[in-house]
Structures are given as structure tokens and as C-alpha cells.
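Coordinate inspection notes
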Amino acid sequence: MSAFKHLLTRLTVTLLLLAVPVLGVWTWMEAERWKLWFPPYVSSYGESIDGLFFVILWMVTVTFVITEGLLVWFVFRYSRRGDEKALYTHGNHTLEMVWTAIPALLLIIVAFSQMKAWATVKMNFPEDGPYTVAHPLMEVYASQFDWRARYPDEQGNFEGADVVETPYEITVPEDVPVVFRLNSRDVLHSFFVPKFRLKQDAVPGMRIPVWFEATEAGSYDLICAELCGWGHYKMAGRVRVLPQADFDRWLSEQRAALKATH
Amino acid sequence: MSSHAHVAEARPLGIDPAGTIHVTHEHHELGFIRRYIFSTDHKVIGIQFLFTGLVMLLLGGLMAMAIRWQLAFPWTEMPVLGRILFPATGGVVTPEGYTMLFTMHGTLMIFFVIIPLLTGTFGNYLIPLMIGAPDMAFPRLNMMGYWFWWPGIFCILTSFFAYGGGPAAGWTSYPPLSTIEAAAPGSHWGQNWWLLSLTFVGVSSMMGAVNYVTTIVKMRAPGMTFFRMPLSIWGLMVAALLQLFALPVLTAASFMQLFDRVFHAGFFTPTGLVINNTNPESLGQAAGGHPLLWQHLFWFYSHPAVYILVVPAMGFVSDILAVHARKPIFGYKPMVYSIAGIAGLGFIVWGHHMFMSGMNPAVGLVFMTATIMIALPSAVKVFNWLGTLWGSRIHLTAAMLFAIAFVSMFIIGGLSGIWMASTPVDIYIHDTYIVVAHFHYVVFAGSMMAIFGALYHWFPKMFGRAMNETLGKIHFIGTFVFTNGVFYMMHQLGLAGLMRRTADPYAYETYAHLQPVNQIISYCAFALLAWQVFFVLNFFGSMIWGRRVGRNPWNACSLEWEAPSPPGHGNFDKQLAVYHGPYEYSVPGAARDFVPQTQRQLG
């Protein structure tokens, strides 16, 4: 290879490899401006989930920049033309111990730091609020390709003529831990509300308890997150969060309207 | 038993004292068919896997283009490909057609491209050559391994064009969508063909895996101890062990699903389903099963399979780095232990695919810890690759560029995995595009780069001619740029919450603004495919017009470079004995900057 072609290759490769950490980090810094980032959370546990994401983000970014940076430097530095031999070494025991032990420690810390948030969302259900696993606010049924909420009658029964059913839109009160049971009538679906940081598969044959506490009134996308057939892409729903008083009024209106029909 | 006789015949392969090599059938000239088609020669079988795998890569790539078209310009007429795939709608993707596209793309790329290219092609070609054996332990079984792949190919292609439509339940094929016909109208025969195809491919891989492990354990040249084997061989052996232990589970699960579909066995079907306003039990479907059972069985195979997709690639990259950086591998034994560590941990992490599945969340914590710890051996590998490059004398060949790219890309794919392993963060990002970015960084930007690198590196051995370096570099630059153009921004789409497997996400308020990003990604994807023209020209052109090379064009230490290029039947034309490890580059005081494994003295 001629000297010029060699230099050209060397510079091109260095720049390409350098672009990985530079553009890579820059993309993540700019992402929020382009709305290619988490939509702001509106649930009680959103903060802890996003916080854990950022802890890992920092760890990953530092590792990413250091390792990619070393790669760029080594490739640039050691691709010069020449005849002298490379450094002859088969490794270094101390170095191996260090770069095994430190990441091991960090990773164990990461693993343990996740457990509380996971337990909060998926294992420890609210017990002293108005809604519990034994007395949930509602049942949510997924089926190809829609969502349906069922609210029990005043006695808490999910059977009978006075069960309010709402298709497509799920209405819940604000600032209250809401517990519901998630079911599927046919295939797998997944209950995903991005702004709640909540996702749970709906499995036919299982009644899975789910909880969240919405912190802001509004209407949010409910998205099916598990392939459920040809219409999966349009299995949309909405979660409507109302202040407690409005919610109570809405539910009693629904019940009254239902009673009027029979 | 006839197979016994065959083993006895093939066994003494090594080198006999007279220095001649005994190979099955070496005494008479073989006809064209026995030599090139129904060949028992591991090199021919490797190259058969290579050509077939590259054709499947093109098919899988075209599926990807169709997917990218739909995501960039939903429900519009797709040029060129549209008329072939969707003639009924004039080239517009249909919703059920979209589910079939990504199902086939995933299935083809995993079972018909990456696994066969890594283990079928390079496993077959390299194992006997690198350990100094004249052929595989079971040459006929090896041939059968290749030819059992063909019914698999037949079934998978048939499934796509099956009456009523192809399989539409994703490559993961989760029941009840995959088992109850009414849930996915049109996937009736398609899904059955898909399951049969997986079985054939599994049997084919199994034959290969038995062969690889036996060959490596029993047929190493004199002096080739386990810790003198090149890391490619370690990677291939560990991948073969993963297949041996995990594949039976997938095969059993596929049959269970097939029984559910054909005989209404009900392994995975719970009671009380209502599909299309009908309870399938009223149509004779047995129930009482559980959908999660399939997920456990499937991922018990398919998570180790993910490591089958990358562990051999790590081996190839290690070898390419050492040869073209003229430097011994930094930390050879830690490299071996980390491959073993990845594989060992790989068996106890399958549950991380099921964090949101309804599985007991306490079990999720165990799977999370195991999964996060798998980052440790991966990190050790990256550090040792960097250590290998430190103080080296890098030759910027096309093979080397792809190997360096693997390291760069694997860092990205490895690091993004930590978020997915962390259960609370995974609640949000599970099944989003950040997952798609993650596994494409490992499997395409990682393993595929390693495959390209390995082809540039071992092509001279395979065909006796070198590939063109300038074309190779042009191929590298475009592939590297467009690969990142395709997959990097998928991280951002995932953070914005975009779900995978959605044919038209823009109807959601959350996703409405994401279409321009998807269009950029799609343009990069089209360019990435088009750019492979440089590879195709170089690959086929070099077979005919490439520069002729001798035995050892890269001045490498390992045994395959002792054989003629290309090696004849029986591989080696001289007696081999191995005296040291495969990475003795730049030994101080040595006459040249490499000391072949067959040379007694280092200095």
C-alpha cells in the first residue's frame, strides 16, 4: 500500500471510529429537544424508574466514552507504517483482576439498587388505600383488538347486571393508588401506558393484579405492547385520569344510566 | 452398528507415523457429485453453508427493506418488492402481511443466516484446519447436517407462501396467537410449516454440534492442548455445547405447539378463551394448558441461542485482531473463561424475556441479577481486545477493519443490555425499539461485521485467492456508516416509547412525531443493502480474478495456514506437531514477527 493510501485509510478509519462516541453522546444529549426521549411521567413511581435509568445512563456513558476512546486512540496510534515489532505481552494478571473486580462490584450494586423499585411496582400492592388486590377498582379486559374496563357494582361484585363496562377508555381517579385486575379474553396483550411507566402483559387464564397512582389529571395513550395479531398496531386505548370528585360523579352517572336501561 | 464402523474408520485421523494422512475415501478419485454436492469434505460443506447462507441473507435483507418501507411510508405502494410480496393490493403492505414480514425476517436471519454462517460455515471450515485434523469426526453425519438444512429451507419458504398466508406470530411464536387458528386467520398451514422448519433446522444444527464437539475433543493434532487452541475454536465449541444442551428443549416445544395446532392437544391453551366470539373448546380444542409454558421452553433455548449468535463471532474477532495487529491476545485464559462464563450464565437468564409476562415478579429479581452479571464476562472480553490492540502494529486490512468495528459496535450492544436487564427500567423499555436497537447492535453490527471480517480473513484459504483490499475498504466504510445510521436512532425511538411490531404507529399521540426519524432510518437501510454490491462484486470477482496467494498470506501462527490454499482432500500435506499457543506474534529475538504453532523454538 502506498504511503498516501495508507494515511488516507488510517485517517478515515480513525474518524469513523471517533464518530461513534462523539455522535453517539451528542445524539443522546439532543434527543430530548427532538422529543426522542421519555415523555414526562405522571405516575407516583415514574420518578424512581427514570432515576434508575439515569444512574445506569451515567455508568454506561462513562464506560462507553472510555472504551470507545481507547479504541480510537489505539487504532490511530498503532496503525503507523513501520517495521518494528509490536509489544510482546500475553497479558497482565493484576490488570485482569482489577478490570474484573471493579465492574463486578458495580454490576452487583446496580442489580441490588433495582430491587426496591421493582418490588414497589410489581410486588407490593397498596393495602391501606380505597382499592386493594382483594377489592380492586376495576377489571381490565384485553381482546383482539380493544380494551375494556369493568367497574364492580356498589357491593363490589364483578358479576351481575350493574357492572359498568366502558370500551376503549379507562377512567380512573387522580392521586389515588388504583389497583385493577388485568385479563385477556383471547391471546396475549400488554397494557402499556408510557407516561405511567407501566407495562404488564395480559395473559388468558391469568388475572394479574396491577397498580398505579396517576399524579396528573388528563388523558393518556394506552398501547398494546405484545403482538396480538394483524390488528396489533391499532389496539389503542386511552386512560382518562379525573380528580377524585369528578371520578366519583362520573361512576355514579354511569351506574345510574345503566340502571335506567333495565 | 454401522456408525461405529464409521467412527473407527475416521478415528485415527491425526497424523500417522509414516506422515501420510488417512482419510475416508482418499484412495479413489471422486466424481463431481460426490466431490462438490454430496461431499463429506468439511471444507466443501462449509462453503455450501456459506453460499446457501448468503442467499438466505439476501432474502432476510429484502424482508427488512419491506418492513422499513412500511415504517417510513405506511400503506403506500412499495416500489419493486411490493408487486412481488403483495400483488393483491398492488404493492401495498397489508396489516397481516406486515406481521408475516417481521416473523420471517427474524426467523430467516437467526436460523438461516447467522447461526449457519457462524457455525455451519466457519465451524465446518475452520475446526479441522485449526486443530490440525484431516476432516470432521463424523464426515457423513456432517454431510447429513447440511442436507437436513434443506427441508428446513423448503418448509420456511413454503410457510411464507402457504395457502392462506404465512406464520404471523413473530419469531417467538407465542401462543395462543400461534396455536389457535382463529386468532391469526391465514396462518394455518404457514404456522405448521414454520414449526416443521424449525425442527429440521434444529436437527441439522444438532448434527453439526455433535460433530464439532467430538472433533475438537478427539482429533486435535499432537501437542494441540485445549489451551493452545485458537479462540475461534473455543467460541465454536462453546456454541456447539450450547446447542447440544438447549436445542432438544426447542424441538420438544415445537412439537408440542404443532400438536396443539394439529391435534388440539392443549399444552399451551388455557380454558375459557373467546376468539371471534367463539370458544375454541366448542370446536374441539382441548384446554387447561398455559401460554407461559411455551415462553419458558422457547426462551430456555432461544436465550442460549442468542449467545450461539455471538460467541463464535467473538472468537473470530480475537483471531483477526491478533493476526492483523501482530500481537498476542491479551489475556488468553481470561478470554476463554469469559466465553465459558457467558455460556454458563446464558442458561439461567432466559426469564429476562419474561419480566412483563405475568411470571412471578420475585423470580424476575433472580433473572435480573444473573442477567446483569453477564455484562461482566462481556466487559472482560472488551478490555482484553483493547489490551490486544495496545502497543500493537495494526495492519489496516479489510478483515481488520471489520474486526475493529465489531469491538466498537459490541460495546454499544453490550452496554444497552444493562437497561433491559434492570427490571424497573425494563418496565418502560420492554418490547420497545431500544430492544430492537440492542439486539441488532449485537447480531448485525456485531456478528455480521465479524462474519464479513472472517470472510475477508479466511477467503484466501478457502479459494486460494485474496479478496480485493480497496473494494473491501469501500465496502467497510459504507457498511459501517449505514449500519449506525439504521440502528443508532432506534435507541431514541425506544426511549420515546415506540413499540416494535407495530405496522403503523403514527396513529398514537405518543408516536405521531416519529415518522421523520423512521424515514431517515429507512433510507439508511436501503443504502446499506445497496452498498453490499461492493461485497458481492468483490466476493465473486475475487474467486476468479483475485490475486493468487500462498499458504500463509497474513503471516499467521495458527495451523490452518500450514495447509495449502485451498487445502486438498485431507487438508494437510505434512506432519503436524504443535509446540505452543496460536498467538506468538512479535516475539523478541525471533527472525520474523510470527512464530507458527508448528515451530519448536519461540526465539
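Residues numbered from 1 in each chain as written. Chains lettered and ligands numbered in written order. Predicted model: local features only at pLDDT ≥ 70, side-chain atom pairs only at ≥ 80, totals over all residues.

A word on the overall build of chain A
Looking only at helices and strands, one finds 4 helices and 10 strands in chain A. The linear arrangement of helices and strands in chain A, starting from the amino end, is α-α-α-β-β-β-β-β-β-β-β-β-β-α. Its C-alpha radius of gyration of 27 Å places chain A more than 25% over the 18 Å reference for a compact globule of 262 residues. Counting only C-alpha atoms, chain A reaches 95 × 40 × 35 Å along its principal axes. Residue burial in chain A is summarised as follows: out of 262 residues, 37% are buried. Counting contacts in chain A only where the partners sit at least 6 residues apart, residues at least 24 apart contribute 70% of the total. (Helix = DSSP H or I, 4+ residues; strand = E, 2+ residues; numbered from the N terminus. Rg over C-alpha atoms; globule rule 2.2 N^0.38 Å. Buried ≥ 20, exposed ≤ 12 C-beta atoms within 10 Å, placed from the backbone. Contact = placed C-beta atoms within 7 Å.)

Overview of the sheet that holds strand 10 (residues 236-242) of chain A
Residues and elements named next belong to chain A. With respect to topology, 5 strands assemble into an open sheet ordered 4-10-9-6-7, the strand pairing being mixed. Two strands bound the open sheet, and with one partner strand each, they are strand 4 (169-173) and strand 7 (198-202). Strand-to-strand twist of the sheet, defined as the mean angle between neighbouring strand axes without regard to direction, takes the value 25°. Where strand 4 meets strand 10, 5 bridges bridge the pair, whose relative direction is parallel. Within the sheet, the bridge partner assigned to Ile-170 lies in strand 10 and is Val-239. (Pairing = 2+ DSSP bridges. Axes fitted to C-alpha atoms, helices over the stretch in contact; angles between N-to-C directions.)

Here's the deal with the domain arrangement of chain A
Residue and element names in this part refer to chain A. Under the domain assignment, chain A is made up of domain 1 (3-123) and domain 2 (138-261). Here the C-alpha centre of domain 2 lies 40 Å away from the C-alpha centre of domain 1. Taken together, the contact pairs 8 residues of domain 1 with 11 residues of domain 2. For the side of domain 1 that touches domain 2, the residue count by class is 5 nonpolar, 3 polar and no charged. (Domains from an automatic or database assignment. Nonpolar A, V, L, I, M, F, W, Y, C, P; charged D, E, K, R; others polar.)

Notes on the environment of Ser-39 of chain B
Its location among the elements puts Ser-39 of chain B in the loop between helix 2 (32-37) and helix 3 (42-72). In this structure, the C-alpha to C-alpha distance between Ser-39 of chain B and Tyr-146 of chain B, residues 107 residues apart in sequence, is 9.9 Å.

Regarding the interface of chain A and chain B
Taken together, the contact between chain A and chain B spans 82 residues of the former and 95 residues of the latter. Taken together, the elements giving at least two residues each to the side of chain A that touches chain B come down to helix 1 (3-30), helix 2 (46-77), helix 3 (93-123), strand 7 and strand 9 (218-224) of chain A. It is helix 3 of chain A that contributes the most residues to the side of chain A that touches chain B, 15 residues altogether. Across the side of chain A that touches chain B, the residue classes tally to 49 nonpolar, 19 polar and 14 charged.

Considerations on the pairing of strand 2 (residues 146-151) of chain A
Residues in a regular strand point their side chains to alternate faces of the sheet. Residues and elements named next belong to chain A. Only one face of strand 2 is covered, namely the face carrying Trp-147, Ala-149 and Tyr-151; the face carrying Asp-146, Arg-148 and Arg-150 is uncovered. Here strand 1 (residues 138-143) pairs with strand 2 via 5 bridges, running antiparallel. For Glu-139, the partnering residue across the bridge sits in strand 2 and is Arg-150. From the end of strand 1 to the start of strand 2, which pair antiparallel, there are 2 residues.

Here's the deal with the sheet that holds strand 2 of chain A
Residue and element names in this part refer to chain A. Strands sit in the order 3-2-1-5-8 across an open sheet of 5 strands; the sheet is mixed. Bordering the open sheet on either side are strand 3 (164-167) and strand 8 (208-212), each of which pairs with just one other strand. Pairs of neighbouring strands in the sheet enclose a mean axial angle of 25°, with direction left out of account.

Considering the packing of helix 11 (residues 311-325) of chain B against helix 17 (residues 433-463) of chain B
Residues and elements named next belong to chain B. The contact between helix 11 and helix 17 brings their axes to 9 Å, and the two run at 45°. Of the possible angle classes, the one that applies to helix 11 and helix 17 is oblique. Note on packing geometry: the crossing formed by helix 11 with helix 17 is left-handed. In contact with Ala-313, Phe-316, Val-317 and Ile-320 of helix 11, helix 17 contributes Gly-446, Ser-447, Ala-450, Gly-453, Ala-454 and His-457. Here the residues of the contact of helix 11 with helix 17 sort into 6 nonpolar, 4 polar and no charged. (Parallel < 35°, antiparallel > 145°, perpendicular 65-115°, else oblique. Left-handed = near helix turned anticlockwise from the far one by under 90°.)

Focus on the packing of helix 1 of chain A against helix 2 of chain A
All names here are of chain A. Two elements in contact, helix 1 and helix 2, have axes whose closest approach is 9 Å; the angle formed by their N-to-C orientations is 170°. Classed by the angle they form, the pair helix 1 and helix 2 counts as roughly antiparallel. Note on element contacts: helix 2 touches helix 1 through Thr-61, Phe-64, Val-65, Glu-68, Gly-69, Leu-71, Val-72, Val-75 and Phe-76, opposite Arg-10, Val-13, Thr-14, Leu-17, Leu-18, Val-20, Pro-21, Gly-24 and Val-25. For the contact of helix 1 with helix 2, the residue count by class is 12 nonpolar, 4 polar and 2 charged.

Quick notes on helix 17 of chain B
All names here are of chain B. At His-457, helix 17 shows its maximal bend, which comes to roughly 45°, and the proline Pro-460 appears one to four places after that position. Burial analysis of helix 17 places 28 of its 31 residues in the buried class, the great majority of the element. Positive phi appears at Gly-464, one or two residues downstream of helix 17, with a value of about 75°. (Bend = angle between axes of the 7 residues up to and from the residue.)

What to know about the nonpolar core
Within the largest apolar cluster, 287 residues are counted, with the highest numbers of intra-cluster contacts made by Val-140 of chain A together with Ile-131, Val-311, Val-317, Phe-402, Ala-403 and Phe-406 of chain B. Residues lining this core come from more than one domain, with at least three contributed by each of domain 1 (3-123) and domain 2 (138-261) of chain A. In contact with Ala-403 of chain B, not counting residues within four places along its chain, are Val-317, Ile-320, Leu-321, Ala-450 and Gly-453 of chain B. (Core = buried A, V, L, I, M, F, W, Y, C linked by C-beta atoms within 7 Å.)

A look at the environment of Leu-177 of chain B
One can find Leu-177 of chain B in the loop between helix 7 (149-160) and helix 8 (188-218). C-alpha separation for the pair Leu-177 of chain B and Thr-269 of chain B, spaced 92 residues apart in sequence, amounts to 9.9 Å. What Leu-177 of chain B contacts, discounting residues up to four positions off in sequence, is Val-187, Leu-188, Leu-227, Cys-228 and Gly-229 of chain A together with Ala-169, Ala-183 and Ala-184 of chain B.

Observations concerning helix 13 (residues 361-373) of chain B
An ideal rise of 1.5 Å per residue puts 18 Å on 13 residues; helix 13 of chain B measures up with 19 Å between its terminal C-alpha atoms. Every buried residue of helix 13 of chain B is accounted for by Gly-364, Leu-365, Phe-367, Met-368, Thr-369, Thr-371, Ile-372 and Met-373 of chain B. (Expected span 1.5 Å × (residues − 1).)

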